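Chain residues, written in single-letter form:
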Amino acid sequence: MTAPHGNPLAGGATGPHALHPLLDTVLDALRTGAQDRYGPLPTGGPDTVTAHVRTALGDVLPDHGTGDHEALRTLVRVLAAGAADPAHPHCVAHLHCPPLAVAVAADLAAGALNPSLDSWDQAPAASAIEALLTRALAAEFHDTPHPDALITTGGTEANQLALLLARERHGPHLTVLHGANAHHSVPRAAWLLGLPPATELPTPTGVLDPATLAEALAATPGPTLVTATAGTTDAGLIDPLPAIADLCDHHGADLHIDAAYGGLLALSPHHRHKLTGLGRAHSLTIDLHKLGWQPVAAGLLTVPDTALLAPLAHQADYLNATDDTEAGLPDLLGRSLRTTRRPDALKIATTLRSLGRDGLTHLTDHTCRLAQDFARLLDAHPRFELHAPPTISTVLFRPTHATDDDVATLRRTLLHQGRAVLGRTHADGRLWLKATLLNPHTTAGDLDTLIALLEGSTHR
């Protein structure tokens, strides 16, 4: 399966033979690039990184190609050298996980075969894997006869779909209520969908107060969608889900829960109590490219009944002709607003089969313990102030006696030096450093080293 000019394809019987030497080149470039970078981030800041990339890349579209191996060697190496590597224990700024090797390997197969989940004849096995996976995962969150889930690109798309489905149930005058702690994609989705501007409720303690919500629901006429959060992006906090669900039931409001960060805690016997009430939602957002260790993208929107997904049905004769559907060919267009879609279910299903429930739970529990350990170290350290014990795996802290400007400068200094990648957020009227621990291979020694690094930087 070689083109006339000798450019091999990745699929077919000869695809693996063509890929093998190229993969050797890629893996070598990943290794040398990581050695070039050395730390969690390239040194020098944006201008330095851009200059290195520009020099390595040269002419983006040369008149004459350099060949497969040289192109891969150059681009993959410069990418790795200039990466923020979530596999480094000091890269802890964001909900940006280091993907498992088994998931990345499965993603390679998906890329090589290139199924597109917009019609069965483009993805026969992939569509079956997706159907089995989504229903199995939905059943983990909804104890109902016919739960279902859609694969999404992440929390943003899942939240948008949740608001779209609610709009289709209740009409264009739907009011969306959300806490100030909600992900920014919620009010943006209301804007995108032409709904009235979403109503933001204050969350001075970091979570949605049931009394505040009760007052808002009592003052809101017409259909309402309440969006709660199970794992905020700033501190990993979880709204009081049972009380919120009770209020929604009392006022006849729909409930969507954005559990992109915290949703997979439901698989852990040690942590699922934090998510009591999760299954009472009309829809849930879950991300497996956070506490699921998948390569981006790996999101889910789950619902308690597949009938709730009916508004997404769509017909395009070249993809799901009525007679083909009646003859038994699966109709995939109602599984997404996207047409061409990668088989992201493959890497997820492969990971679940490889690790099993107990393996995935072990990674989750270990990662949450790391956050607790890090918080205890900071709390005991005279040079640092801990905001609060972590709910999931996010730890907020700051140097004692530092100003907000000091905190911001410290973070940027570490970024430019390539020594640590820390996030930032405001809480209680002050700026805090944020460490989101998602690397289950991080050790106690790594945490000690990070604190020593921070302690040294506060002296500068």
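Right above here is the structure, for reference.
In what follows, the accompanying structure is described.

What counts and what doesn't
Residues numbered from 1 in each chain as written. Predicted model: local features only at pLDDT ≥ 70, side-chain atom pairs only at ≥ 80, totals over all residues. Heavy atoms only, no water. Helix = DSSP H or I, 4+ residues; strand = E, 2+ residues; numbered from the N terminus. Contact = heavy atoms within 4.5 Å. Areas by Shrake-Rupley, 256 points an atom, 1.4 Å probe, with all protein chains shown as cover. Lys, Arg positive; Asp, Glu negative; His and termini not counted. Charge placed at Lys NZ, Arg CZ, Asp CG, Glu CD. Buried < 20%, exposed > 50% of the residue type's maximum accessible area, 1.4 Å probe, protein only. Pairing = 2+ DSSP bridges. Core = buried A, V, L, I, M, F, W, Y, C linked by side-chain atoms within 4.5 Å. Axes fitted to C-alpha atoms, helices over the stretch in contact; angles between N-to-C directions. Salt bridge = Lys/Arg side-chain N within 4 Å of Asp/Glu carboxyl O.

What the chain contains, in helices and strands, is 14 helices and eleven strands. With the principal axes as the frame, the chain shows a C-alpha extent of 70 × 65 × 40 Å. In the chain, once contacts between residues fewer than 6 apart in sequence are set aside, the share between residues at least 24 apart is 71%. Accessible surface, the chain as shown: approximately 21,500 Å² in total, 58% of it carbon and sulfur. Put simply, the chain has 31 plus and 47 minus side-chain charges, and the middle of one group is 6 Å from the middle of the other.

Of all five residues in strand 6 (residues 283-287), five are buried, a share of seventy percent or more. Of the two faces of strand 6, the one lined by S283, T285 and D287 and the one lined by L284 and I286 are each fully buried. One ladder, built from four bridges, connects strand 5 (residues 254-259) with strand 6; its direction is parallel. Paired with I257 across the bridge in strand 6 is L284. Judged from the four bridges that link them, strand 6 and strand 7 (residues 299-303) form a sheet pairing that is antiparallel. In the strand pairing of strand 7, L284 is matched with T302.

Formed by 51 residues in total, the largest nonpolar core has its most connected members in L213, V226, I244, L255, I257 and L278. Those elements giving two or more residues to this core turn out to be helix 5 (124-141), strand 1 (148-152), helix 8 (210-218), strand 4 (224-229), helix 9 (241-251), strand 5, strand 6 and helix 12 (345-380). Ignoring sequence-local partners within four residues, the contact set of I244 consists of L208, L213, V226, A228, D239 and L255. The next biggest cluster of nonpolar side chains, apart from the first, holds 26 residues, and it includes F374, L378, L433 and I451.

The omega torsion of the bond from V296 to A297 falls at 5°, within 30 degrees of zero and hence cis. Even without glycine at this site, Y38 takes up a positive phi of about 75°. Mapped onto the elements, Y38 comes out in the loop between helix 1 (15-37) and helix 2 (45-57).

A word on the sheet that holds strand 9 (residues 394-399). Spatially, four strands are ordered 8-9-11-10 in an open sheet, and the strand pairing comes out antiparallel. A single partner strand is all that each edge strand has here, and the edge strands are strand 8 (384-386) and strand 10 (423-427). This sheet shows a mean twist of 40° between the axes of neighbouring strands, independent of strand direction. Sheet topology places strand 8 next to strand 9; three bridges connect them, and they run antiparallel.

We now examine the environment of H271. Along the chain, the position of H271 falls in the loop between strand 5 and strand 6. Sequence separation of H271 and A218 is 53 residues, and the distance between their C-alpha atoms is 33 Å. Apart from the residues lying within four places of it in its own chain, the contact partners of H271 are L265, D365 and C368.

To continue, consider the pattern of salt bridges. Using the criterion set out here, one finds 21 salt bridges in the structure. Ionic pairing is found between D148 and R335, a salt bridge with its closest N-O pair at 2.9 Å. Linking D148 in strand 1 with R335 in the loop between helix 11 (322-326) and helix 12, this pair joins segments that are 187 residues apart in sequence. Summarising the burial analysis for this pair, D148 and R335 share the class buried. In the salt-bridge network here, residues are joined through shared partners; they are D107, R342, D344 and K347.

Burial runs high along strand 11 (residues 430-436): six of the seven residues are buried. In terms of strand pairing, strand 10 meets strand 11 through five bridges, oriented antiparallel. Paired with A427 across the strands is R430, a residue of strand 11. Counted between consecutive antiparallel strands, the loop separating strand 10 from strand 11 contains two residues, among which D428 sits at a positive phi close to 55°.

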